[in-house]
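In case you want the letters, here they are:
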Protein chains: 2
Amino acid sequence: MAAARNGQGDRRPTMTDVAAAAGVSVALVSIIMRGAPGASDETRERVRRVADELGYVPDRRAQKLRQSRSRLIGVAFELQQPFHGDLVERLYPAAAAQGYDIALSSVAPTRNEQAAIGDLIRERCEAAVLLGSRMLAPDLATLAKRMPTQVVARPSGTELVGSVRTDDTAGIEAAVDHLIDLGHRRILHIDGGDAPGSAERAAGFAARMRHHGHASEARVVAGGPTESDGVRAITNTLDTSEASRPTGIVAFNDRCAIGVLDVLLRRGIHSPEDISVIGYDDSRLSRLAHINLTTVAQDADKIATEVIAQATRQIAGEAPTEIILTPQLTPRATTGRAPVE
Amino acid sequence: MAAARNGQGDRRPTMTDVAAAAGVSVALVSIIMRGAPGASDETRERVRRVADELGYVPDRRAQKLRQSRSRLIGVAFELQQPFHGDLVERLYPAAAAQGYDIALSSVAPTRNEQAAIGDLIRERCEAAVLLGSRMLAPDLATLAKRMPTQVVARPSGTELVGSVRTDDTAGIEAAVDHLIDLGHRRILHIDGGDAPGSAERAAGFAARMRHHGHASEARVVAGGPTESDGVRAITNTLDTSEASRPTGIVAFNDRCAIGVLDVLLRRGIHSPEDISVIGYDDSRLSRLAHINLTTVAQDADKIATEVIAQATRQIAGEAPTEIILTPQLTPRATTGRAPVE
DNA sequence: GTGAAAGCGCTAACAA
DNA sequence: TTGTTAGCGCTTTCAC
């Protein structure tokens, strides 16, 4: 058959086709499709109509190739991280407001960051945004020599690479203060293992407990960023410290906190009556009605806006900076007054 | 300053730069970069070295523009669906094996499917793969006139659009059989509300219970695809049928099942001792150690392979087909023998 | 084995 | 207001 591809014809219409059909030059069609000034309203309307009839849609690759700039911001994100989803979603409108498009490149167990970044380079993105990158500072610096680069939700470790993140210390402090306010004293922090931000949060926790004069009642145990890590940490803790178990827990993040809650439930320990639990991220998970987790919220909207703003600045040649936002404690149902002893 | 962008120079090196630096023609560089035959090993090595020194990376837009075909398969996926992440991850290698690249376009609450698909068209993808699309059959048919289209995990409703999915009826039947084998009789199905596949699964459930002669002990209640839906459904059920509560539950999907488990936990009802629960999808969630949910598994690897295979066929002009894979019951920790009454 | 030249679909000067 | 022209960075004949 002549018309392959579901009879859609052998190829998509191009600007040349539209120009021919409308009896004008391609340049004029270009002007009209871009909404640029320099065409009569009458022609404009006619060409638009012809284009629609033909089902013409501009070829973005050709557009971007021709314009010396791609006006593309590349985003590497992890497919399995709900918070990355929250961020990506907000990057689109933020970028559009500055006249940029977003190119997505995913990171997954079978697809490493290098592969994802390679795609962004081949697409000639003008800047790279790495969500929760696991790259080391020297590698980031190398990448930064190729293209303006930022990391999100972690420090970059090099002044060549920008960073937008929330103040981990402040976030953990807010969590500690909240529990102290509620009368808790024996407070446990389950750290993030080798996840980015873990060290800062653990240090912040210890410092704040000291500040309140309860250093001796503070404990930090090894955890990690997933539910399983939370499960492991709390199980260990409960099994080994029956006598003096904590009344308040600050988990590394929401997923970790959810693991903790799950174990508590299974053991018949009620939250918040027996133990208060605080997460970190304000991910969609934490907001689910049945979880309703008190958490330290990172404002995805604000982060996205700052990321795009910094990207355009870096593209314009400004030096990258470290932008630190203040997280917000969001009390929900998993924290309450400390039980009377 | 002359060198904007972190001193990386004003522009990225092009093939012309490499050719000049190596003292050969661009055509030869092209041959070498693509690994095409027609260059001496010696030149090959020298040009490669020069390219590396310059940090040359081919411009994919220019490549794809020049080649009449984009060799791009566009994928529209939902950012917040873990199973979509599983699929996307597997589409990369499957596509690469056929010489295609993947272009990602995300769907989210603030970014609808039309927007996502528009991007795929502008990128001149040769085929569109829509994960869990919510588009109606007529709209899908319209899209199919533009480009070869497939939907995944649902029927397309039009023969113009391909579909790769698992047999919902068979999956639910396997779940029912499993419970029946374990001695369960009073079995509840929490359906998926208006989610794709919900009707098929509910019908399959009823039919299979009838087949086993336990139609009278089968119940179907309204649910949905999220944890909250599961919470709502089971709460209702427990509150209204204290006397004859089910011993087995088949939830619409894993997330729904997890909501159910959460409520059971909170009420001190043990699973599987008191109530067995089965999910659907075998998402990462279900495999978490502390959840360890019995579920009906959809083989993401196989789905991805079939999707790419069908995409290449459709691109070659073949008519789309409906590919139905058989799901696999995966027994884990949330199902066990029915309690003795 | 290598190079010259044309052109993919578009935009942007510049002319008319 | 409209058309002409010259590329963007690459691949692909077709000569040499």
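Residues numbered from 1 in each chain as written. Chains lettered and ligands numbered in written order. Predicted model: local features only at pLDDT ≥ 70, side-chain atom pairs only at ≥ 80, totals over all residues. Heavy atoms only, no water.

(A) Here's a closer look at the UniProt feature "domain: HTH lacI-type" (unreviewed entry) in chain A. Within this structure's numbering, the places UniProt gives as "domain: HTH lacI-type" (unreviewed entry) are residues 13-67 of chain A. Secondary structure across residues 13-67 of chain A divides into 69% helix and 0% strand, with the first and last C-alpha atoms of the span separated by 21 Å. (UniProt positions renumbered as here; feature names shortened; annotations may be inferred. Helix = DSSP H or I, 4+ residues; strand = E, 2+ residues; numbered from the N terminus.)

(B) Spatial organisation of the protein's contact with DNA strand C. Neighbouring residues of DNA strand C: 23 residues in total, closest Met15, Arg34, Tyr56 and Arg66 of chain A together with Arg66 of chain B. The share of sugar and phosphate among atoms of DNA strand C within 4 Å of the protein is 67%. The set of elements that each furnish at least two residues to the surface near DNA strand C consists of helix H3 (26-34) and helix H5 (60-66) of chain A together with helix H3 (26-34) and helix H5 (60-66) of chain B. (Near = heavy atom within 4 Å.)

(C) Here's a closer look at the sheet that holds strand E3 (residues 127-131) of chain A. Residues and elements named next belong to chain A. Strand order in the open sheet made by the six strands is E2-E1-E3-E4-E5-E11, with parallel pairing throughout. Taken across any chain shown, the strands that pair with only one partner, and hence form the sheet edges, are strand E2 (101-107) and strand E11 (322-325). When strand polarity is set aside, the average angle formed by the axes of neighbouring strands in this sheet is 15°. In the sheet, strand E5 (residues 162-166) pairs with E11 via four bridges, with the strands oriented parallel. Within E11, the position partnered with Ser163 by the bridge is Glu322. (Pairing = 2+ DSSP bridges. Axes fitted to C-alpha atoms, helices over the stretch in contact; angles between N-to-C directions.)

(D) View of the protein's contact with DNA strand D. Near DNA strand D, the surroundings consist of 23 residues, among which Arg66 of chain A together with Met15, Arg34, Tyr56 and Arg66 of chain B are the closest. A breakdown of the atoms of DNA strand D within 4 Å of the protein gives sugar and phosphate a share of 66%. At a separation of 2.8 Å, a phosphate oxygen of DNA strand D approaches a polar side-chain atom of Ser30 of chain B. Asp59 of chain B is positioned such that a nitrogen or oxygen atom in its backbone is 3.0 Å from a phosphate oxygen of DNA strand D. Elements with a minimum of two residues in the surface near DNA strand D: H3 and H5 of chain A together with H3 and H5 of chain B. Across the surface near DNA strand D, the residue classes tally to 10 nonpolar, eight polar and five charged. (Polar contact = N/O pair within 3.5 Å; in protein donor to acceptor, adjacent residues only side chain to side chain. Nonpolar A, V, L, I, M, F, W, Y, C, P; charged D, E, K, R; others polar.)

(E) Expanded view of the relation of the copies chain A and chain B. The operation relating chain A to chain B is a screw motion whose rotation component is 180°, with 0.0 Å of axial translation and a residual RMSD of 0.1 Å. One copy is carried onto the other by what is essentially a two-fold rotation axis. Taking the C-alpha atom as reference, chain A places Arg61 of chain A closest to the rotation axis, 2.7 Å from it. The overlap is high: 100% of the interface residues of chain A also sit at the interface in chain B, so the same surface is used on both sides. (Least-squares fit on C-alpha atoms with pLDDT ≥ 70 in both. Contact = heavy atoms within 4.5 Å.)

(F) Seen up close, the sheet that holds strand E10 (residues 294-297) of chain A. All names here are of chain A. Strands sit in the order E7-E6-E8-E9-E10-E12 across an open sheet of six strands; the sheet is mixed. Looking at the sheet topology across the chains shown, the edges are occupied by strand E7 (218-221) and strand E12 (328-330). Mean inter-strand twist for the sheet, computed between neighbouring axes without regard to direction, equals 20°. The sheet contact formed by strand E9 (residues 276-281) and E10 spans four bridges and is parallel. Looking at the pairing, Gly279 lines up with Thr295 of E10.

(G) Just the environment of Asp168 of chain A, in detail. All names here are of chain A. Note that Asp168 resides in helix H9 (residues 168-181). Each C-alpha atom of the pair Asp168 and Arg60 lies 40 Å from the other, and the pair is 108 residues apart in sequence. Not counting residues within four places of it along the chain, the set of residues in contact with Asp168 comprises Gly197, Glu200, Arg201 and Tyr280.

(H) Representation of the packing of helix H2 (residues 15-22) of chain A against helix H4 (residues 41-54) of chain A in the model. All names here are of chain A. The N-to-C vectors of H2 and H4 enclose an angle of 120°; their axes lie 9 Å apart at closest approach. By the angle between their axes, H2 is oblique relative to H4. Here H2 and H4 pass one another in a crossing that is right-handed. On H4, the residues that touch Asp17, Val18, Ala21 and Ala22 of H2 are Arg46, Val47, Val50, Ala51 and Leu54. Residues that form the contact of H2 with H4 fall into these classes: seven nonpolar, no polar and two charged. (Parallel < 35°, antiparallel > 145°, perpendicular 65-115°, else oblique. Left-handed = near helix turned anticlockwise from the far one by under 90°.)

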